[in-house]
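# Remarks on the overall topology
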Amino acid sequence: MATSKQQAHPLRTLIIMFVVIAGLFTIMAVNNIWTPKLGLDLRGGTTITLTASNISGTGSVDPKSLELARTIIQQRVDGYGVGETEVTVSGDHQIVVTAPNVQKDDLVKLVGQTAQLNFRKVYSNESTGATTPTETPTTEPSAVPSATQTNKRLFPQLPTPVPSPRPTAPSTTTKPLAELLKWTPSERDQAEFASYQCGTDSPTPDVTDQPLITCNEDGSAKYLLGPVLIPGESVTRAVAGIQDKGVSWAVNLEFNAAGAADFATITAHLAQQTQPQNEFGIVLDGTVISSPYVSSVIGGGRAEISGNFTQKSAGDLAAVLSYGALPLAFEISSVDNVSAKLGADQLQAGIIAGLVGLLLVVAYSLLYYRGLALVVTMSLTVAGAFAWSLMVLLGQGIGFALNLPGIAGVIVAIGVTADSFIIYFERIRDEVRDGRSLRTAIETGWVRSRKTILAADSVSLLSALVLYVLAIGAVKGFAFTLGLTTLIDLLVVFFFTKPLMTLLGRTKFFGQGRKFSGFEAEHMGTSTAPLHNSRRKSTELAGSEA
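Described in the following lines is the structure provided in the data block.

## Some points on unusual backbone geometry
- In this structure, P276 follows Q275 across a cis peptide bond, with omega equal to 5°.
- Residue position: P276 is located in the loop between helix 8 (257-270) and strand 11 (280-284).
- The residue N32 is not glycine, and still its phi comes out positive at about 55°.

And the structure:
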């Protein structure tokens, strides 16, 4: 049906194609984007591969911990202001960070350390007037004894940790816990806190035995925190669930033996304080993610953080606390740095290679198909316009970035498109040699060649799909552009090349097989030139009258 419509209205089909192309470029003009996004290998930047392991040095890496570490590193890089950065998990123990326009030393400094989770005492806090997002607690959560907090229907009661001797490993601070609890800020600390502004000033250095001035995640409150009282590694389990005999969400914690002993001592001290000095500041990477207050001593190593949580906010907090319970050590396995100049040189080389391939196809068409090289050139131009506009718009829409393997995929696609022309043109020749008129040969040749074109492009599409699914890293760029340009080839051949050939077959230059048209008798391998249907009929009629 599509063929008959193209035969009856080839001009209409061509007009629709040009309208579609004009629409794509109009979208580009409205958004003022004219070039595709470039990958790391073309515009310069750094790729770092981090290999994760448990702090104990033994056992496999937990996939959830690895994914959470990836999320934290992504947030850290995004917060640094590095745009279009990718942080991906590779295999079962590696994280790959790619950042364009960032050099080696800056990125290594940014992601080279594992995120740190710590518990600090809140000495002072102050609202900044910023709006609190709806997914975070809108009231201060409270820490209460775990004996009343576990919903047995959803979360089985966690066993009480068996007491064990305090670990002999050195503490995260050289000062005893009793001394840390008595800490008070100096006049300088208070002056810095008073002048500190969320969103403008950076947090003070996150040193375990020193105070910390920082803000919460949304910048709605700033905090003056004391030294670290409990490291995040002391949390052995954290789960989100519905409160026992309640309907609101909460986060249930369990500490190891050493952490449980410290937690009981700390909560006994905090319960005697007034707000905000009875609050625990839970700090991740220098940012306060929660500050629950304590109303009584919590023993047994289990506690609940309750408040105005949603399911999502409780789950997010539990995930962060679980990460503290499942710490990962990261080692920088490799650092690949691509300078901006090297990326520009690679881009130039890729463009030159593409132009050389395009010129070779056009030159071959001129030598072998003569006037039909016009069809080849126009079809490749339309395909190029489609490919360029789609890569630009996909870069803005889904973040597609053109890399060097992607350019290779475009170059390969030029050959795929040339194959479609050759299959169609050669089928037309076969039809003319069988005695059909040129106009008839164009239509019957298309019917018989399109199956071959579809089969060839389907193989190319399948190869691109399999490669995209199985490949990792930059090779996906090759698979994506190969698949995209193969789809464009089908679109152009069916809705541009075929209608254009139908129109050209109706002209005297091509239809009568004039010299250099590509349809000359000697060039087609026939004794007589192919004629229009109308002229063939009139010739046959004159012969019958004679």
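More follows now that the structure is in view.
## Points about the packing of aromatic side chains
- If you walk through the whole model with that rule in mind, you get 10 aromatic pairs.
- Judged by centre distance (4.4 Å) and plane angle (25°), the rings of F255 and F263 are stacked.
- You can call F263 buried: its relative accessible area is 3%.
- Ring centres 5.7 Å apart and planes at 0° place the aromatic pair F263 and F280 in the stacked group. Taken as a pair, F263 in helix 8 and F280 in strand 11 lie far apart in primary sequence, 17 residues in all.
- Using a relative accessible area of 2% as the deciding quantity, one classes F280 as buried.
- Aromatic rings pair up to connect F119, F255, F263 and F280 into one cluster.
- Over the ring of F193 we find K222; its NZ or CZ atom is 4.9 Å from the centre of that ring.

## What to know about the nonpolar core
- Core analysis: the biggest nonpolar cluster contains 47 residues, and F386, F425, I428 and M501 have the highest contact counts within it.
- Looking at this core, the elements with two or more residues in it are helix 2 (10-31), helix 10 (340-369), helix 11 (373-397), helix 12 (404-433), helix 13 (438-470) and helix 14 (475-504).
- Core analysis: the next-biggest nonpolar cluster, separate from the first, contains 33 residues, L181, A260, L270 and A303 among them.

## Points about the state of the cysteines
- On inspection of all chains with the given rule, the structure shows one disulfide.
- Disulfide pairing is shown between C198 and C215; the S-S distance is 1.8 Å. The sign of the S-S torsion, about -95°, decides the handedness of the disulfide formed by C198 and C215: left-handed. Highlighted residues: C198 in the loop between helix 7 (187-195) and strand 7 (212-215) and C215 in strand 7, separated in sequence by 17 residues. Across the pair, C215 and C198 agree in class, each one buried.

Thresholds, definitions, all that
Residues numbered from 1 in each chain as written. Predicted model: local features only at pLDDT ≥ 70, side-chain atom pairs only at ≥ 80, totals over all residues. Heavy atoms only, no water. Helix = DSSP H or I, 4+ residues; strand = E, 2+ residues; numbered from the N terminus. Phe/Tyr/Trp six-rings, centres within 6.5 Å; stacked < 30°, edge-to-face > 60°. Buried < 20%, exposed > 50% of the residue type's maximum accessible area, 1.4 Å probe, protein only. Lys NZ or Arg CZ within 6 Å of the ring centre and 35° of its normal. Core = buried A, V, L, I, M, F, W, Y, C linked by side-chain atoms within 4.5 Å. Disulfide = S-S within 2.5 Å.

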